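# Notes for the structure review
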Amino acid sequence: MFNNALYFQATDGTNGYELWKYDGAALALVSNINLTGDSFPQNLTVFSNRLFFSANDGVHGYELWKYDGTNASLVTDLNPGGDSFPDQLTIFNNALYFVATTPTPATNGGNVMETSWRPPPT
Ligand SMILES: [Ca+2]
Ligand SMILES: [Ca+2]
């Protein structure tokens with residue numbers, strides 16, 4: 001639940017699997033993140049009035065995205081040239097943690113990451 005609406009991934013047969021929302025009255029496509037295919041938004045997690053999730057825009061691979069109620073945008077391309085596969089998004093100590101694969105250090109395993117996006121100071 002985010003902004004009093006339910007968010008989920010679905011496909012309408014035209015835009016591929018993308019982020020949708022249902023506010024109790026109407027179904028709406030939030031954003032066609034991957035213009036040429038499916039973005040498969042997953043791991044939807046609300047943090048600091050943003051909806052965070054992993055998705056593939058077809059350009060950057062599977063990376064961390066956020067939706068602020070108006071715009072969906074890439075948080076950061078953690079693995080340039082590949083997928084970072086953000087997973088297990090968890091809020092702890094006012095920060096968003098998740099597992100992701102990055103090119104460094106020189107290991108092939110996943111790393112625990114903290115989001116580079118921070119809530120603006122209040
Ligand atoms: Ca699409
Ligand atoms: Ca990438």
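Please refer to the structure higher up on the page.
Below or above, wherever it landed, is the structure these notes cover. The model shown is predicted, which means the values in this text are computed figures rather than measured ones.

## Quick look at the sheet that holds strand β3 (residues 27-31)
- Taken together, three strands build an open sheet; the order of strands is β1-β2-β3 and the sheet is antiparallel. Among the strands making up the open sheet, the edge pair consists of β1 (6-11) and β3. Averaged over all pairs of adjacent strands, the angle between their axes in this sheet comes to 45°, without regard to strand direction.
- Across six bridges, β1 lies against strand β2 (residues 17-22) in antiparallel orientation. Bridging across to β2, T11 finds its partner in Y17.

## A closer look at the environment of N43
- Of note, N43 is situated in strand β4 (residues 42-47).
- Put simply, N43 and T90 are 47 residues apart on the chain and 9.5 Å apart in space, counted from C-alpha to C-alpha.
- When near neighbours in sequence (up to four residues on either side) are disregarded, N43 contacts F53, S54, P86, D87 and L89.

## Here's the deal with the sheet that holds strand β7 (residues 72-76)
- Spatial strand order, β4-β5-β6-β7: four strands in an open sheet with antiparallel pairing. Edge strands, defined here as strands with exactly one partner in the open sheet, are β4 and β7. In this sheet, adjacent strand axes meet at a mean angle of 35° when their direction is disregarded.
- Judged from the four bridges that link them, strand β6 (residues 62-67) and β7 form a sheet pairing that is antiparallel.

## Some remarks on the environment of D68
- The topology assignment puts D68 in the loop between β6 and β7.
- The class for D68 is partly exposed, based on 13 C-beta atoms found within 10 Å.
- For the pair D68 and R50, spaced 18 residues apart in sequence, the C-alpha separation works out to 4.9 Å.

## Examining the nonpolar core
- Core analysis: the largest hydrophobic core is formed by 20 residues, its most contacted members being L19, F52, F53, W65, Y67 and A72.
- When contributions to this core are tallied by element, the ones reaching two or more residues are β2, β5 (50-56), β6 and β9 (95-100).
- Setting aside residues no more than four positions away along its own chain, F52 makes contact with T45, F47, L64, K66, L89 and L96.

## Details of the pairing of β4
- Strand direction decides the pairing type here: β4 and β5, joined by four bridges, are antiparallel. Note on β5: the bridge partner recorded for T45 is F52.
- Counting the residues that bridge the hairpin from β4 to β5 gives two residues, and of these S48 lies at a positive phi of roughly 50°.

Rules used in this analysis
- Residues numbered from 1 in each chain as written.
- Chains lettered and ligands numbered in written order.
- Predicted model: local features only at pLDDT ≥ 70, side-chain atom pairs only at ≥ 80, totals over all residues.
- Pairing = 2+ DSSP bridges.
- Helix = DSSP H or I, 4+ residues; strand = E, 2+ residues; numbered from the N terminus.
- Axes fitted to C-alpha atoms, helices over the stretch in contact; angles between N-to-C directions.
- Contact = placed C-beta atoms within 7 Å.
- Buried ≥ 20, exposed ≤ 12 C-beta atoms within 10 Å, placed from the backbone.
- Core = buried A, V, L, I, M, F, W, Y, C linked by C-beta atoms within 7 Å.

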